[in-house]
Amino acid sequence: MKKPTIVLTGPTASGKTSLSLDLAKEYGGEIICADSMTVYKSMDIGTDKPSCHSELDSESRQKDLASGSGSGMTVEGIPHHMIDILNPDEEFNVAIFKKLAEEKAREIHARGNIPFLVGGSTMYIDALIYNYDIPHAKPNDVLRKKLEKKSNEELFSQLIELDPDAQVAVDKNNKRRLIRALEVCLQTGEPFTKQKKKQEV
């Protein structure tokens, strides 16, 4: 029997944090934050980021952050992972999230605990739960600078020309996501939404 992972998802400020803490305390859980913004340091406003503190000394904390794991952070005694692991200008996407979250889930299971995947980024959650095979298109700074000059409307229009299914899969108000989706399309020559292939789970 496969080891369990519990998923709690919903919009910001819907009570996920409180419920996840109660359940993690009851069932021996550790929380993996599935959010595209709480991974970034200093981006606390509007993200409903749990108020965390480190139980590690500063040297251990720096090693932890350098590893990209985000462990050593606790809320009410419950370990939290994938919080404050990057600076706002550092690259983060669903492929990176999936790799790091899989590593954390394995570590949590090895400790005899249950991973609780908690957050509002459904694309990130789906990638892990449905084991998407996601080709990793490397960041292209030259292309990104060109795309950055365009409005959200222009980016969205260009994206749905290349990938009509992106009309419902990508938030047209999220410029970061629009640019990343276009970057993947333009570099791979394939629609962004077609590159999420489910594997055996």
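Here the structure is shown first, and the text comes after it.
Residues numbered from 1 in each chain as written. Predicted model: local features only at pLDDT ≥ 70, side-chain atom pairs only at ≥ 80, totals over all residues. Heavy atoms only, no water.

Peer 1: Honestly, the packing of helix H5 (residues 141-148) against helix H8 (residues 175-188) in this entry has me stumped. Any pointers?
Peer 2: Two quantities define a packed helix pair, namely the angle between the axes and the distance from one axis to the other. Where H5 meets H8, the closest approach of the two axes is 10 Å, and the angle between their N-to-C directions is 130°. Comparing their axes, H8 and H5 come out oblique. Viewed along their axes, H5 and H8 form a crossing whose handedness is right-handed. Together, Leu143, Arg144, Leu147 and Glu148 of H5 and Lys175, Ile179, Arg180, Leu182, Glu183 and Leu186 of H8 make up the contact between the two elements. (Axes fitted to C-alpha atoms, helices over the stretch in contact; angles between N-to-C directions. Helix = DSSP H or I, 4+ residues; strand = E, 2+ residues; numbered from the N terminus. Parallel < 35°, antiparallel > 145°, perpendicular 65-115°, else oblique. Left-handed = near helix turned anticlockwise from the far one by under 90°. Contact = heavy atoms within 4.5 Å.)

Peer 1: It is not clear to me how the pairing of strand S2 (residues 29-33) should be interpreted in this structure. Could you clarify?
Peer 2: On a regular strand, one side chain projects to one face of the sheet and the next to the other, so that they alternate. In terms of burial, S2 is a largely internal element, 5 of the 5 residues being buried. Burial along S2 is two-sided: the face carrying Gly29, Ile31 and Cys33 and the face carrying Glu30 and Ile32 are both buried. Here 2 bridges tie S2 to strand S5 (residues 78-81), and the two strands are oriented parallel to one another. Within S5, the position partnered with Ile32 by the bridge is His81. (Buried < 20%, exposed > 50% of the residue type's maximum accessible area, 1.4 Å probe, protein only. Pairing = 2+ DSSP bridges.)

Peer 1: Help me understand the nonpolar core, please; the structure alone is not making it clear to me.
Peer 2: Generally speaking, nonpolar side chains in soluble globular proteins are found buried as a group. Membership of the largest hydrophobic core comes to 38 residues, with the highest contact counts inside it found for Phe92, Phe97 and Leu159. At the level of secondary structure, the elements contributing two or more residues to this core comprise helix H3 (94-110), helix H4 (122-129), H5, helix H6 (152-162) and H8. The element that contributes the greatest number of residues to this core is H3, accounting for 7 residues. With residues near it in sequence (within four places) discarded, Phe97 still touches Cys33, Ala34, Met82, Phe92, Leu117 and Tyr124. The next biggest cluster of nonpolar side chains, apart from the first, holds 11 residues, and it includes Leu8, Leu21, Ile31 and Ile78. (Core = buried A, V, L, I, M, F, W, Y, C linked by side-chain atoms within 4.5 Å.)

Peer 1: I would appreciate a short explanation of the packing of aromatic side chains in the present structure.
Peer 2: Given two aromatic rings, one states the distance between the centres and the angle between the planes to describe the pair. Going through the model one piece at a time under the given rule, you end up with 3 aromatic pairs. Centroid distance Tyr130 to Tyr132: 6.4 Å. Interplanar angle 40°. Geometry classified as tilted. Owing to a relative accessible area of 9%, Tyr132 belongs among the buried residues under this scheme. Joined through ring pairs, the aromatic side chains of Phe92, Phe97 and Tyr124 make up one cluster. (Phe/Tyr/Trp six-rings, centres within 6.5 Å; stacked < 30°, edge-to-face > 60°.)

Peer 1: Just checking my understanding: could you explain the pairing of strand S6 (residues 114-119) for this structure?
Peer 2: The element S6 is largely enclosed, with a buried count of 5 among its 6 residues. In terms of strand pairing, strand S1 (residues 6-9) meets S6 through 4 bridges, oriented parallel. Each bridged residue has a counterpart across the sheet, and for Thr9 the counterpart in S6 is Gly119. When S2 meets S6, the two strands line up parallel, connected through 5 bridges. By the bridge assignment, Cys33 is partnered in S6 with Val118.

Peer 1: I'm lost on helix H1 (residues 16-27) in this one. Help?
Peer 2: Since there are 3.6 residues in each turn of an α-helix, residues three or four apart along the chain are aligned in direction. For H1, with 12 residues, the first-to-last C-alpha span of 16 Å sits near the 16 Å given by 1.5 Å per residue. Looking at H1, one finds that the buried residues are Lys16, Ser20, Leu21 and Ala24. Buried residues in H1, looked at end-on, bunch into an arc of 125°, giving them a common side. Turning to H1, the residues buried within the fold contact S1, S2, strand S4 (73-75), S5 and S6. The positive-phi residue at the C-terminal boundary of H1 is Gly28, with phi of around 70°. (Expected span 1.5 Å × (residues − 1). Arc of directions from axis to C-beta.)

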